[in-house]
Amino acid sequence: MIYNAVMLLGSACLLLVMVACSEHVHHEGEPIMGIKNPWCDDGQSRLDVDWDSNVFDYTCPYTWEWSGKESSSILYCHRPGTKEPAMHRCLDTHIEYSENPPLSGDHRPLWPDYGEYRYVPPQRWLHNLEHGAVILLYHPCADSSEVEKLKDVVRGCLRRHIITPYNKLDRENPFVLVTWGCKLVMSYADTNSAKIFIQRHAKTAPEDLSKPGQFSYQLIHHAKIAPGSDYNDTVLCPTTGNEI
């Protein structure tokens with residue numbers, strides 16, 4: 001693999017094989033990830049291909065009283081290998097998913113910088129998942145205090161996270177944590193299950209890459225290193241103790 005060749009050359013990565021520092025298998029005709037290209041993906045142009053800037057994707061258009069019913073959180077994972085490999089697709093190609101939310105699949109070459117967004121579409125954050133990240137999705141009408149509890153958990157567990165509203169979730173289960181191939185569906189801020197999920201499933205993706213993304217449209221807060229860990233998220237959920 002190119003990765004092995006780069007390792008033989010030392011820690012430096014040549015421009016022509018910039019993505020080789022990860023373990024992404026580059027397919028013939030596939031655009032190189034992480035490099036802005038005005039004909040493919042520059043992170044600024046043609047963004048309406050993936051998102052039409054609908055405000056209802058991140059705001060609540062109606063009064064939605066949270067029931068407060070706390071049912072057991074549900075863990076679901078793909079069978080190993082059933083959704084790989086994924087491809088990088090330029091913005092001249094529409095990407096759709098059969099799952100809600102998607103747990104793997106094709107995505108854009110430029111991935112979002114880590115942190116909290118007003119909104120970021122799955123065509124972007126799936127690339128973060130491929131790098132070992134955790135995505136927190138919440139319905140924009142969900143109880144704000146419950147949302148904040150889960151945000152605190154994610155921020156305290158790892159730097160490699162994306163937080164974004166996602167209005168395709170339902171009233172009964174308005175919170176979902178996603179990693180590559182797995183999700184934890186929650187009816188409330190089940191913080192203990194959330195921490196265990198992150199400890200078990202973060203950084204288990206095809207690539208373990210800490211590099212920040214090149215896409216930052218609608219970014220509200222940059223992610224910070226989790227207290228007690230490091231830039232590479234060597235220790236997951238470091239202040240929670242060993243719960244797995």
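Presented here is an overview of the structure given in this document.

Each value, and the rule that gives it
Residues numbered from 1 in each chain as written. Predicted model: local features only at pLDDT ≥ 70, side-chain atom pairs only at ≥ 80, totals over all residues. Heavy atoms only, no water. Pairing = 2+ DSSP bridges. Helix = DSSP H or I, 4+ residues; strand = E, 2+ residues; numbered from the N terminus. Axes fitted to C-alpha atoms, helices over the stretch in contact; angles between N-to-C directions. Disulfide = S-S within 2.5 Å. Buried < 20%, exposed > 50% of the residue type's maximum accessible area, 1.4 Å probe, protein only. Expected span 1.5 Å × (residues − 1). Contact = heavy atoms within 4.5 Å.

Here we come to the sheet that holds strand β5 (residues 175-179). The mixed open sheet is built from seven strands, whose spatial order is β1-β6-β5-β3-β4-β2-β7. The open sheet is flanked by β1 (74-77) and β7 (219-222), the only strands paired with a single partner. Neighbour-to-neighbour, the strand axes of this sheet turn through a mean angle of 15°, independent of strand direction. Two elements, strand β2 (residues 115-117) and β7, share three bridges in a ladder whose sense is antiparallel. When the sheet's bridge partners are listed, Gly115 is paired in β7 with His222.

The next thing to look at is the state of the cysteines. Counted under the stated rule, the structure contains four disulfides. Bridging Cys40 to Cys90, the disulfide has an S-S length of 2.1 Å. Disulfide Cys40-Cys90: torsion about the S-S bond near -95°, hence left-handed. Within this pair, whereas Cys40 is found in the loop between α1 (2-9) and β1, its partner Cys90 is found in the loop between β1 and β2, the two being separated by 50 residues in sequence. With respect to burial, Cys40 and Cys90 carry one shared label: buried. For Cys60, the disulfide goes to Cys141, at an S-S distance of 1.9 Å. With the S-S dihedral at roughly 100°, the linkage between Cys60 and Cys141 falls on the right-handed side. Remark: Cys141 occurs in the loop between β3 (134-138) and α3 (144-157) and Cys60 occurs in the loop between α1 and β1; sequence separation between them is 81 residues.

Helix length check: α3, at 14 residues, gives a terminal C-alpha distance of 20 Å against a target of 20 Å (1.5 Å per residue), a fit within 8%. Buried within α3 we find Glu146, Val147, Leu150, Lys151, Val153, Val154, Gly156 and Cys157. For α3, the secondary structure elements touched by its buried residues are β2, β3, β4 (161-165), β5, β6 (182-186) and α4 (191-201).

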